[in-house]
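Descriptive structure summary
One-letter residues, chain by chain:
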Amino acid sequence: MTEKTAITPATHTAPPAKFSLGVKKGNILQVAGQVGFLPAVEGQGPTPAGPTLREQTLQTLANVKAVLEEGGASWEDVMMVRVYLTNTDHFAEFNGIYNEYFADLKEAPAARTTVYVGLPMGLLVEIDALAVLG
Amino acid sequence: MTEKTAITPATHTAPPAKFSLGVKKGNILQVAGQVGFLPAVEGQGPTPAGPTLREQTLQTLANVKAVLEEGGASWEDVMMVRVYLTNTDHFAEFNGIYNEYFADLKEAPAARTTVYVGLPMGLLVEIDALAVLG
Amino acid sequence: MTEKTAITPATHTAPPAKFSLGVKKGNILQVAGQVGFLPAVEGQGPTPAGPTLREQTLQTLANVKAVLEEGGASWEDVMMVRVYLTNTDHFAEFNGIYNEYFADLKEAPAARTTVYVGLPMGLLVEIDALAVLG
């Protein structure tokens with residue numbers, strides 16, 4: 001029996017329902033959909049890093065990374081990144097930010113799917129990730 | 001060679017194409033996107049449990065659970081739940097229903113991603129799940 | 001330590017950002033979201049197979065298959081197919097094409113989730129896939 005553990009970085013705002021920010025079992029680590037909320041501040045609700053795609057994307061990627069690291073993984077272990085944008089016009093700019101962010105990746109980059117959906121609260125991007133630990 | 005098996009609860013309406021409601025291989029069990037269709041009735045087409053988010057969400061969760069159980073798993077084994085809603089205004093109500101439904105969960109809750117998409121036939125919610133058996 | 005490898009069929013257009021068309025680690029193979037772009041032609045940008053759902057769906061499935069095969073897998077190994085359409089009116093036609101395409105599948109068909117999202121460049125369909133090798 002392999003134990004299933006919740007991954008809960010202290011910096012994150014609490015999930016809005018009974019789900020884990022990340023969960024790990026055996027060599028599989030799944031990161032829940034992250035958005036561009038700033039680190040939690042006692043007594044404050046979730047606050048987006050800013051109104052721009054760049055601000056939100058960098059914060060979202062930082063939030064995914066924090067879950068990976070809390071689970072003993074890193075971007076190098078990620079197999080799949082799911083990107084949810086709200087506007088097809090954001091694709092090129094998003095890719096530029098993504099490339100900068102992953103410039104130093106050593107292992108094979110994760111696969112990725114990008115689709116355009118609705119998101120609440122002025123959020124422009126949501127990202128989740130599946131990692132397989134070595 | 002690990003066998004890949006289809007999971008087909010007798011209560012479910014048949015898939016509208018050549019896909020499995022669930023599939024299992026080794027310790028991985030994937031549940032296909034479920035919606036709020038009532039259990040199949042001979043000679044009737046798929047019928048949503050009702051027009052409300054609550055009716056459809058509870059039926060959808062029941063349908064996911066039936067696939068998990070047919071595959072020898074339970075919600076406790078689920079790593080990731082993907083939630084597709086059609087209306088950002090449904091988020092709070094959906095979370096309330098989700099929390100009630102999972103109130104008794106013992107293991108770490110699954111990770112989750114929620115995005116807003118289009119769905120046909122008056123459907124308000126679709127959910128799929130990835131489980132890793134222990 | 002299991003190696004993570006990128007899967008890059010020679011026929012594919014290059015990814016528009018630092019991600020892999022497919023990635024394999026241990027027995028898990030993840031195919032990135034594929035669309036209906038024709039095989040790459042030196043000096044030309046990505047070109048959809050045509051304006052119709054049929055043309056794009058068949059090309060998209062061929063592109064997923066090429067990644068699977070480059071990674072030593074086949075459709076028989078696929079656990080989950082994620083289908084992103086842009087128009088709920090395409091569901092029936094898409095299912096017809098899907099059924100024809102998979103008519104000769106021997107193993108249990110993959111599970112599937114279908115949702116309706118936005119896609120750029122006149123694309124009507126995007127598909128990704130998760131395979132578990134035997």
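This text goes with the structure placed above it.
Notes on the structure follow. None of the values given here were measured: they were computed from a predicted structure. (Residues numbered from 1 in each chain as written. Chains lettered and ligands numbered in written order. Predicted model: local features only at pLDDT ≥ 70, side-chain atom pairs only at ≥ 80, totals over all residues. Heavy atoms only, no water.)

Brief notes about the relation of the copies chain C and chain A
- Relative to chain A, chain C is turned by 120 degrees and slid 0.0 Å along the rotation axis, the superposed coordinates differing by an RMSD of 0.0 Å. Overall, the copies show the geometry of a three-fold rotation axis. Measuring from the rotation axis to each C-alpha of chain C, the shortest distance belongs to C:Val117, at 3.2 Å.
- An asymmetric contact is evident, with only 15% of the interface residues of chain C recurring at the interface of chain A. (Least-squares fit on C-alpha atoms with pLDDT ≥ 70 in both. Contact = heavy atoms within 4.5 Å.)

Quick word on the pairing of strand β2 (residues 22-25) of chain A
Residues and elements named next belong to chain A.
- Sheet analysis places strand β1 (residues 4-7) next to β2, joined by four bridges and oriented antiparallel. Each bridged residue has a counterpart across the sheet, and for Ala-6 the counterpart in β2 is Val-23.
- Here β2 pairs with strand β3 (residues 28-34) via four bridges, running antiparallel. Bridge pairing in β3 links Val-23 to Gln-30.
- The hairpin turn running from β2 into β3, its antiparallel successor, is two residues long, and Gly-26 in that turn takes a positive phi close to 60 degrees. (Pairing = 2+ DSSP bridges. Helix = DSSP H or I, 4+ residues; strand = E, 2+ residues; numbered from the N terminus.)

Digging into the nonpolar core
- Counting 115 residues, the largest nonpolar core has A:Leu68, A:Trp75, B:Leu68, B:Trp75, C:Leu68 and C:Trp75 as the members making the most contacts within it.
- In this structure, B:Leu68 is in contact with B:Leu29, B:Val31, B:Ala73, B:Ser74, B:Trp75, B:Val78 and B:Ala131, ignoring residues within four places of it in sequence.
- Grouped together as the second largest cluster of nonpolar side chains are 21 residues, A:Tyr84, B:Phe37, B:Val115 and C:Phe37 included. (Core = buried A, V, L, I, M, F, W, Y, C linked by side-chain atoms within 4.5 Å. Buried < 20%, exposed > 50% of the residue type's maximum accessible area, 1.4 Å probe, protein only.)

A closer look at the packing of helix α1 (residues 53-70) of chain C against helix α2 (residues 91-101) of chain C
Residues and elements named next belong to chain C.
- Where α1 meets α2, the closest approach of the two axes is 10 Å, and the angle between their N-to-C directions is 40 degrees. One element, α1, and the other, α2, form an angle in the oblique class. For the pair α1 and α2, the sense of crossing is right-handed. Here α1 contributes Leu-53, Arg-54, Thr-57, Leu-58, Leu-61, Ala-62 and Lys-65 to the contact with α2, which in turn contributes Glu-93, Phe-94, Ile-97, Glu-100 and Tyr-101. (Axes fitted to C-alpha atoms, helices over the stretch in contact; angles between N-to-C directions. Parallel < 35°, antiparallel > 145°, perpendicular 65-115°, else oblique. Left-handed = near helix turned anticlockwise from the far one by under 90°.)

Quick notes on the relation of the copies chain A and chain B
- Rotating chain A by 120 degrees about the axis while translating it 0.0 Å along that axis superimposes it on chain B, leaving an RMSD of 0.0 Å.
- Counting the interface residues of chain A, we find that no more than 12% of their copies in chain B are interface residues as well, pointing to two distinct contact surfaces.

Structural notes on the pattern of salt bridges
- One pass over the full model with this rule turns up 12 salt bridges over all chains.
- Between A:Lys65 and A:Glu69 there is a salt bridge whose closest N-O contact spans 3.3 Å. Here A:Lys65 and its partner A:Glu69 are both found in helix α1 (residues 53-70), four residues apart, which amounts to about one turn of the helix.
- A relative accessible area of 32% places A:Lys65 in the partly exposed class.
- Where C:Asp77 meets B:Lys25, a salt bridge forms, and the shortest distance between an N and an O atom there is 3.5 Å. With one member in each of two chains, C:Asp77 in the loop between α1 and β4 (78-85) and B:Lys25 in strand β2 (residues 22-25) form a pair that bridges those chains. (Salt bridge = Lys/Arg side-chain N within 4 Å of Asp/Glu carboxyl O.)

Examining the interface of chain A and chain B
- Counting residues at the interface gives 26 residues for chain A and 30 residues for chain B.
- In this assembly, chain A packs against chain B so that about 2300 Å² is buried in total across both faces, 62% of it on carbon and sulfur atoms.
- Two residues, A:Asp128 and B:Arg82, come together in a salt bridge whose shortest N-O distance is 2.7 Å.
- At the surface where chain A touches chain B, the tally comes to 14 residue pairs in polar contact (both at pLDDT 80 or more).
- Breaking the side of chain A that touches chain B down by element, the ones donating at least two residues are β1, β2, β3, β4 (78-85) and β6 (125-132) of chain A. (Buried area = accessible area lost by both parts, 1.4 Å probe. Polar contact = N/O pair within 3.5 Å; in protein donor to acceptor, adjacent residues only side chain to side chain.)

Digging into the packing of aromatic side chains
- Throughout the structure, instances matching the rule amount to 15 aromatic pairs over all chains.
- Judged by centre distance (4.9 Å) and plane angle (85 degrees), the ring pair of C:Tyr101 and C:Phe102 falls under edge-to-face.
- Since its relative accessible area comes to 4%, C:Phe102 is described here as buried.
- Members of the aromatic cluster, connected to one another through ring pairs, are A:Trp75, A:Phe94, A:Tyr98, A:Tyr101 and A:Phe102.
- The positively charged end of A:Arg112 is found above the aromatic ring belonging to A:Tyr98, 4.5 Å away from the centroid. (Phe/Tyr/Trp six-rings, centres within 6.5 Å; stacked < 30°, edge-to-face > 60°. Lys NZ or Arg CZ within 6 Å of the ring centre and 35° of its normal.)

Digging into the side chain of A:Gln30
- Tracing the backbone shows A:Gln30 in strand β3.
- One polar contact links the side chain of A:Gln30 to the main-chain carbonyl oxygen of A:Ala129, over a distance of 3.1 Å.
- Excluding anything up to four places from it in sequence, A:Gln30 contacts A:Leu21, A:Gly22, A:Val23, A:Asp128, A:Ala129, A:Leu130, B:Met79, B:Met80, B:Arg82 and B:Ala111.

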